[in-house]
Every structure is written in structure tokens, then in C-alpha cells.
Amino acid sequence: MTNDVKESFGSAGAPPAPPAPAALAAKVRTLAPSMTRSMQRVAEAVADDPAGCAALTVTGLAELTGTSEATVVRTARLLGYPGYRDLRLALAGLAAQQQSGRAPAITTDIAVDDPIADVVAKLAYDEQQTLADTAAGLDTVQLAAAVTALAGARRTDVYGVGASGLVAQDLTQKLLRIGLMAHAHSDPHLAVTNAVQLRSGDVAIAITHSGTTGDVIEPLRVAFERGATTVAVTGRPDSPVTQYADHVLTTSTARESELRPAAMSSRTGQLLVVDCLFVGVAQRTYDAAAPALSASYEALAHRHRATRRGP
């Protein structure tokens, strides 16, 4: 047995608390794309059959997945567990949860000949899973820090293109409704020229599911270098955008299909993060936010009144 494996069964000090069993599947979906192929096999095995893998020793799981004991341990650590023993405990807990309340036995793959009722059921289940995975994997310490920065910001710039650009607009509209200065930038030239004006006390937020979108990374880098507090909302916690982010908020990584691009599910997770940011900021700034929100409702109320028909 290698030293790497031996270390997994006991180490000095108090390690950080491992993820709860319910968060394991979300962690696998989020981190798998950045893993080596051998580590992916281990991660997929524990996510697909937690009960079966919980009964295996580190050697047994290595043999099952055609990998090494060291790979199994490294995978456990990447998923947030101090060692394989901690991962086995989480697998046992996850298996117990599944036995007491198993998810609906439907697939999220949509075929061209699926009845519309099946499409509705599959999409609804996939959306629910995306939200659950995002919530389970969201780092609340990072979230709270981002909320604090937003609540005290002189100005907030949000960058996003495509589907992420719609999420960027959603966040800025929410912040504007409670009286905060916020701008959404989907044009990469305007994004950079505005980022140049940022400084300490400002906040810049990049929204990119892949974490590799150059038009979003560049303005965040400029904002970072200008001293603004930077936040990345991404489905890839180790992607290029995160190197310029003071705070990283991770969304669920959804499977992509021909009829349902990943952007659809990724936007669902992004909108949840945006709502969490907004509500957190509204809580921190309630004395000012409540009157501002009320005033914005009153300003638009006449546009929502039903027009009275004549006799």
C-alpha cells in the first residue's frame, strides 16, 4: 500500500468537514469534467452505485474501476473528503437516503418523438436536479463574502454573453430596483472600457458556465487589476475565469444533449445564484432597499392595472 493511501486512513490535525452525503452527486457532476479519465471512472462509479461502492475497500473500488488505490484516494480528496474512509461513510449515507426517498425513475434525455407530457416531466425533473445540485455545491462562505461586497459597493459591473448575458441583466435589474448602481455588459468592448474605470470599493461579476469565455474573462481581469472585488459565477471551479476572481460561486454542471443545450440548465443554476446574491444584499441593505423596492413597484403599478372596458 502506498504512502498516499496510508495517509488517507488517518492524518494529524482537524481536517475541514467533508461534504454532506446529499452533496456528493452534485460534487461529482461539477468536478468530473476537470478530472483525469481514471478519476472520472471512480467518481462516476460512486455516484452511480453509492451502496455498492460503500461496501468496497479502497482496493476493491480500484479494481472495479480499473484504476489504482492512489487514484481512488485522490478522487476522494478532490471531492472534499480527507480520505477514502470518509468517502465510504458518505456513500453509505447517500445510499440510505436514496432507499428512503428515491428520485423519479425517468431519464432527462429527450427524444424527437417524445410526447409533450414526457417532455414536461423530463424538463421539470432536470430543472429540479440542477437547482438541487447548485444549492448543494454552493459555498455559502464565498456567497456571504460576495453579498458583503455587493452591499457596500459604489458600483457593480456584471459581464456575461449569450445565455449568461440574460442572467447578468437579471441581476443588474434586481440591484437597480433596490437603489444600487449596477450595469450589465454583453458587448466585450464596452465591458473592458467600463472595467478600466473600476477601483477598490467596486464589484465586478463574471457569469460564464464554461469559465473559458474570453469576452467575460478579459473585463474581469481588468477589474481585478484595478482593485475591484471580483466574483465568478461558473460551472467550472478550476476554469481560467477563477484566477481573476476573489470569490467563486459554482453552479451545477448539466449534461448536454442535441435537443437541450447545456446553456438551458446552466442558466437555471445561475439564476438561483443570482437570486441568492440579491436576497442577501436586500437583507443587508433592508432599510434602504425596502423603500426603493416599494417606490419601483408604485412607479410601475399603473402599467399592470387591467384596462376597463366600455359598456
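Given the structure is predicted, the values throughout are model-derived calculations rather than measurements.

The helix and strand inventory of the protein stands at 14 helices and five strands. Looking at the protein as a whole, 42% of its 311 residues qualify as buried. Intrachain contacts of the protein at a sequence separation of at least 6 include 72% that bridge at least 24 residues. Counting only carbon and sulfur atoms, one obtains 55% of the accessible surface of the protein, whose full area is about 15,800 Å².

What follows is about the nonpolar core. In terms of nonpolar packing, the biggest core is built from 27 residues, with Ile205, Leu249 and Leu277 touching the most fellow members. Contributions of two or more residues to this core are made by α9 (140-151), α10 (163-177), β3 (203-207), β4 (229-234) and α13 (262-284). Contacts of Ile205, omitting those with residues within four sequence positions, involve Leu150, Thr156, Asp157, Val158, Tyr159, Leu171, Leu220, Val231 and Val233. Core analysis: the second largest hydrophobic core is formed by 24 residues, Met35, Met39, Val46 and Cys53 among them.

This next bit is on the sheet that holds strand β5 (residues 247-250). The strands making up a sheet associate through hydrogen bonds between their backbones, and the pairing can be parallel or antiparallel. The five strands are arranged β2-β1-β3-β4-β5 in an open sheet whose pairing can be described as parallel. Of all strands in the sheet, those with a lone pairing partner are β2 (182-185) and β5, marking the two edges. Averaged over all pairs of adjacent strands, the angle between their axes in this sheet comes to 15°, without regard to strand direction. Across five bridges, the pairing between β3 and β4 is parallel. Along β4, the bridge assignment pairs Ile207 with Val233. Relative to the sheet, α10 contacts β1 (156-159), β2 and β3, its axis offset from that of β2 by approximately 170°. Running over the sheet, helix α11 (residues 188-195) touches β1 and β2 and is turned about 150° from β1.

Here β5 shows two buried faces, one formed by His247 and Leu249 and the other by Val248 and Thr250. Of the pairings in the sheet, the one linking β4 to β5 comprises four bridges and is parallel in character. Each bridged residue has a counterpart across the sheet, and for Ala232 the counterpart in β5 is Val248.

Where helix α3 (residues 37-48) contacts helix α6 (residues 69-78), the two axes come as close as 9 Å, and the packing angle between them is 70°. Considering their axes alone, α3 and α6 lie roughly perpendicular with respect to each other. The segment α3 lies against α6, with Ser38, Met39, Val42 and Ala43 engaging Thr71, Val72, Arg74, Thr75 and Leu78. For the contact of α3 with α6, the class distribution of residues is five nonpolar, three polar and one charged.

What follows concerns helix α12 (residues 214-225). Compared with an ideal rise of 1.5 Å per residue, which puts twelve residues at 16 Å, α12 spans 16 Å between its outermost C-alpha atoms and is within 8% of the ideal. Taken as a whole, α12 has its buried residues at Val216, Ile217, Pro219, Leu220, Val222 and Ala223. Buried residues along α12 sit in contact with β1, α11, β3 and β4. Trailing α12 by a residue or two, Gly227 shows a phi angle of about 100°, which is positive.

The final tally for this structure, using the stated rule, is six salt bridges. Residue Asp202 is joined to Arg154 by a salt bridge in which the shortest nitrogen-to-oxygen separation is 2.8 Å. Of this pair, Asp202 sits in the loop between α11 and β3 while Arg154 sits in the loop between α9 and β1, placing them 48 residues apart in sequence. You can call Asp202 buried: its relative accessible area is 0%. A salt bridge links Asp275 to Lys174; the nearest nitrogen and oxygen atoms lie 3.3 Å apart. Of this pair, Asp275 sits in helix α13 while Lys174 is found in helix α10, placing the two residues 101 residues apart along the sequence. Lys174 sits in the buried class, given a relative accessible area of 18%. Put simply, Asp170, Lys174 and Asp275 are held in one network by salt bridges that share partners.

About the thresholds
Residues numbered from 1 in each chain as written. Predicted model: local features only at pLDDT ≥ 70, side-chain atom pairs only at ≥ 80, totals over all residues. Heavy atoms only, no water. Helix = DSSP H or I, 4+ residues; strand = E, 2+ residues; numbered from the N terminus. Buried < 20%, exposed > 50% of the residue type's maximum accessible area, 1.4 Å probe, protein only. Contact = heavy atoms within 4.5 Å. Areas by Shrake-Rupley, 256 points an atom, 1.4 Å probe, with all protein chains shown as cover. Core = buried A, V, L, I, M, F, W, Y, C linked by side-chain atoms within 4.5 Å. Pairing = 2+ DSSP bridges. Axes fitted to C-alpha atoms, helices over the stretch in contact; angles between N-to-C directions. Parallel < 35°, antiparallel > 145°, perpendicular 65-115°, else oblique. Nonpolar A, V, L, I, M, F, W, Y, C, P; charged D, E, K, R; others polar. Expected span 1.5 Å × (residues − 1). Salt bridge = Lys/Arg side-chain N within 4 Å of Asp/Glu carboxyl O.

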